[in-house]
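So you can see what is in the structure, the chains are spelled out below.
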Amino acid sequence: MTVSEIPPTPPPGTPPPPPPGRPISKPETAEPVTPELEAASRRAEARRGFFIALPSFIYLVLLFVVPLLLVFVYSFATRDATGQTVLEGWNLDSYRRLFSAEVLEIFLRSLLLATVTTAICLALSYPFAFYIATRGPRVRNILLVLVMIPFWSNFLVRTYAWRVILGSEGPLSQISQALGGEPFRLLFTNVAVLIGLVYGFMPFMVLPLYAALERMDWHLVEAARDLYADGWTAFRKVTLPLSMPGVVAGSILVFIPSLGAYVTPALLGGARTVLMGDYIVSQFLAARNWPFGSALSFAVMFVMLVATIFYFRAGAKTL
Amino acid sequence: MNEGTTPGGFAQRLLGLNAWLVFLFFYAPIVLLIVFSFNDNNNVGIWTEASFRWYGEMFQDDRVMGALRNSLVVALFATIVSTVLGTMLAIALERYRFRGRGTLDGIAYLPIIIPDVTMAVMLLIFFFQAFGILDDLLGINLTSGLLTITLAHIAFCISFVAVVVRARLSQLDSSLEEAAADLYANRWQAFRKVTLPLIAPGVAGGALLALTLSLDDVVVTQFVSGAGSTTLPVYVFGLVRRGVTPLINAVSTVMLVASMVLVAISLGFQRGAEARGQRLADPEALLEEISATES
């Protein structure tokens, strides 16, 4: 197992795994086994598998599936005079409010920032991953470790570091003032949030790209060159299509958390840079409008699902 | 790699330049934060002289230390439970066929793709409802606290552990387990003597990932924690929103160093696993090792 194979997060919607191997302890016997016996042993094996999975199954149903359904139910609920959610008087008001100008503005801003973040991450990470994948094994492993360290480092702390850097007392501001310029005013803007998102999620792009490029059969590129393709053509016609799974996986892994980001806009953004993530949080912790917050959560999940499916389709077409 | 497959001189230099710039982008903020945590000045941006002053204040700050203790307790329990459950889930999904396997497979991946804000909202409503029902039916009056935080962390860690262990399991040849069965090992023996040692690096990797996720989580924890039960990241998050202080720099540096230690441990595990893997691939070395242990 090489460094790259600690899957930090697997590509979402990973295609179903290959059919599992033979059950652990079905001994291969040379003697003919009666069909009944074989069926019975298969049933016993299935029962055993089911019981091994059962504790996690119960846990995930109780603390994941049930909560998911609860959010769905809450999104149709109403609130009483004190703002408490009451589970009656079911209505679609929360969903109707999704189309208000305020929500659409926040949603479009989130969509734009997530898209730009994904594009920047891809543009920086592809050549970067390509560079790492084309080094010798020793250098490659060292470089990979250097990528893994920020990946495993605390996200909050990494975002906080940018608050220090971009702040009015931060080093950038001081340099600019020392050169006779204005103090820096980047913090609490969309640009600051964008920098934070790119910084926070870029490792999610680098690792799948690297994995795809490293697995690639480089003889195919050689073959293309032998057939008089120039370097650029060989890259465009061979390397790029072959690394497409990495591009798709990396883009999804960056796009989804960017769209739902909360910590980054909360620390680096201001009142005019509210994104979907902090808008949802404010509905629960400040406005106490749980039905509307639930509807927002569902809308975000729906968009992510559509984007993921669309992207997978598009990625599959290029293969 | 061979001549002709990699880009030539100029493109190569551009690639190298990009790589160094990306590394600079990755590390400059981290290094800067660490350097500034040793700054003696009350003001974050103005460098006076190096000192451990803020580290001293950090260790004397009861709230920071309390939050740290909470974080460690939650992370310990969440890691243990999710590692056991996640490993069992991985084995069941990878090695057995049973009714409902497909559904479970889907459910097991969902917590990984769902954004943490949504997960937080889900669990907030869930605990609110669950407490209401418990109070109505049994008269038990529960509130959010370390228990709810731990339960929530386990919920999202199980999936990550399962994915890591599964990746390891899928690389293994199930014939080794069959061989153990042929040699009259019972199911438990085959698991303990063959499967478990082989997937150990995966289990360790999964456990470390769970530990990291639990120690880092802000959003979900913020939603399911009650009064007086904050973890360190939630406490720091609250402080940071009010402004930047040198004390936060010191706490952040400690958190960074802790994650780096975890990476180092995880890489160490992998090295060991790789070395063992190579021994298995080399029959002569394996024979030598076996005869050495027998004598």
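Residues numbered from 1 in each chain as written. Chains lettered and ligands numbered in written order. Predicted model: local features only at pLDDT ≥ 70, side-chain atom pairs only at ≥ 80, totals over all residues.

Focus: the overall build of chain A
Here is step 1 of the chain: Looking only at helices and strands, one finds 13 helices and two strands in chain A.
Here is step 2 of the chain: Within chain A, the fraction of its 319 residues that count as buried is 43%.
Here is step 3 of the chain: For chain A, contacts bridging at least 24 residues in sequence account for 71% of all contacts bridging at least 6. (Helix = DSSP H or I, 4+ residues; strand = E, 2+ residues; numbered from the N terminus. Buried ≥ 20, exposed ≤ 12 C-beta atoms within 10 Å, placed from the backbone. Contact = placed C-beta atoms within 7 Å.)

Remarks on the overall build of chain B
Here is step 1 of the chain: Helix and strand counts for chain B stand at 12 helices and zero strands.
Here is step 2 of the chain: At a minimum sequence separation of 6, the contacts of chain B that also span at least 24 residues come to 76%.

As for the interface of chain A and chain B
It is common to give the size of an interface as the accessible area lost on bringing the parts into contact.
Here is step 1 of the chain: Tallying the contact residues gives 90 residues for chain A and 93 residues for chain B.
Here is step 2 of the chain: Top contributing element to the side of chain A that touches chain B by residue count: helix H1 (residues 35–74) of chain A, with 21 residues.
Here is step 3 of the chain: Here the side of chain A that touches chain B is built from residues that sort into 62 nonpolar, 18 polar and 10 charged. (Nonpolar A, V, L, I, M, F, W, Y, C, P; charged D, E, K, R; others polar.)

Overview of the confidence of the model for chain B
All names here are of chain B.
Here is step 1 of the chain: Taken residue by residue, chain B gives an average pLDDT of 84. The fraction at 70 or more is 88%.
Here is step 2 of the chain: For chain B, per-element mean pLDDT is lowest for helix H12 (residues 283–294), which scores 53, and highest for helix H3 (residues 62–95), which scores 94.
Here is step 3 of the chain: We note a pTM of 0.84 for the whole complex and an ipTM of 0.84 for its interfaces. (pLDDT = per-residue confidence, 0-100.)

Some details on the environment of Phe-98 of chain B
Here is step 1 of the chain: Mapped onto the elements of the fold, Phe-98 of chain B is located in the loop between H3 and helix H4 (101–113).
Here is step 2 of the chain: Given 20 C-beta atoms within a 10 Å radius, Phe-98 of chain B is considered buried.
Here is step 3 of the chain: Separated by 15 residues in sequence, Phe-98 of chain B and Ile-113 of chain B place their C-alpha atoms 25 Å apart.
Here is step 4 of the chain: Every residue in contact with Phe-98 of chain B, bar those within four places of it in the chain, is listed here: Ala-46, Gly-49 and Phe-50 of chain A.

Digging into the nonpolar core
Here is step 1 of the chain: Core analysis: the biggest nonpolar cluster contains 169 residues, and Ala-129 of chain A together with Leu-89, Val-121, Leu-123 and Val-161 of chain B have the highest contact counts within it.
Here is step 2 of the chain: Those residues within four positions of Leu-123 of chain B in sequence are excluded, and the remaining contacts are Pro-67 of chain A together with Ala-152, Val-220, Phe-223 and Val-224 of chain B. (Core = buried A, V, L, I, M, F, W, Y, C linked by C-beta atoms within 7 Å.)

Focus: helix H10 (residues 244–259) of chain A
Here is step 1 of the chain: With 16 residues, H10 of chain A should cover 22 Å at 1.5 Å per step; its first-to-last C-alpha distance of 22 Å lies within 8% of that length.
Here is step 2 of the chain: Within H10 of chain A, 15 of the 16 residues are buried, which leaves the element mostly enclosed by the surrounding structure. (Expected span 1.5 Å × (residues − 1).)

Here's the deal with the packing of H1 of chain A against helix H6 (residues 146–171) of chain B
Here is step 1 of the chain: Put simply, H1 of chain A and H6 of chain B touch, their axes get as near as 10 Å, and they point 120 degrees apart. Accordingly, the angle class assigned to the pair H1 of chain A and H6 of chain B is oblique. As for the relative orientation of H1 of chain A and H6 of chain B, their crossing is left-handed in sense. Side by side, H1 of chain A and H6 of chain B meet where Ser-56, Tyr-59, Leu-60, Leu-63 and Phe-64 of chain A of the first sit next to Leu-151, Ala-155 and Ile-158 of chain B of the second. (Axes fitted to C-alpha atoms, helices over the stretch in contact; angles between N-to-C directions. Parallel < 35°, antiparallel > 145°, perpendicular 65-115°, else oblique. Left-handed = near helix turned anticlockwise from the far one by under 90°.)

With respect to unusual backbone geometry
Residue and element names in this part refer to chain A.
Here is step 1 of the chain: In this model, Phe-188 sits at a positive phi of 70 degrees, which is unusual for a non-glycine residue.
Here is step 2 of the chain: By the secondary structure assignment, Phe-188 is in the loop between helix H6 (171–178) and helix H7 (190–215).
Here is step 3 of the chain: Judged by the 19 C-beta atoms lying within 10 Å of it, Phe-188 is partly exposed.
Here is step 4 of the chain: Phi at Arg-288 takes a positive value of approximately 55 degrees, unusual for a residue other than glycine.
Here is step 5 of the chain: Inspection of the secondary structure puts Arg-288 in the loop between helix H12 (276–285) and helix H13 (290–318).

Describing the confidence of the model for chain A
Residues and elements named next belong to chain A.
Here is step 1 of the chain: A residue-level look at chain A finds 88% of positions with pLDDT of 70 or above and a mean pLDDT of 83.
Here is step 2 of the chain: Confidence scores differ between elements of chain A, with H6 showing the lowest mean pLDDT of 77 and helix H3 (residues 101–133) the highest of 94.
Here is step 3 of the chain: Across residues 1–22, confidence stays below pLDDT 50; counting only partners more than four residues off in sequence or on other chains, it has 49 contacts.

Concerning the environment of Gly-231 of chain A
Here is step 1 of the chain: Its location among the elements puts Gly-231 of chain A in helix H9 (residues 231–242).
Here is step 2 of the chain: Expressed as a C-alpha distance, the spacing of Gly-231 of chain A and Val-221 of chain A, which sit 10 residues apart in the sequence, is 9.0 Å.

A short note on the environment of Leu-209 of chain B
All names here are of chain B.
Here is step 1 of the chain: Residue position: Leu-209 is located in helix H8 (residues 187–216).
Here is step 2 of the chain: Look at Leu-209 and you get buried, because 26 C-beta atoms sit within 10 Å.
Here is step 3 of the chain: Leu-209 sits 87 residues away from Met-122 along the chain, and the two C-alpha atoms are 23 Å apart.
Here is step 4 of the chain: If sequence neighbours within four positions are ignored, Leu-209 has contacts with Phe-160, Val-161 and Val-164.

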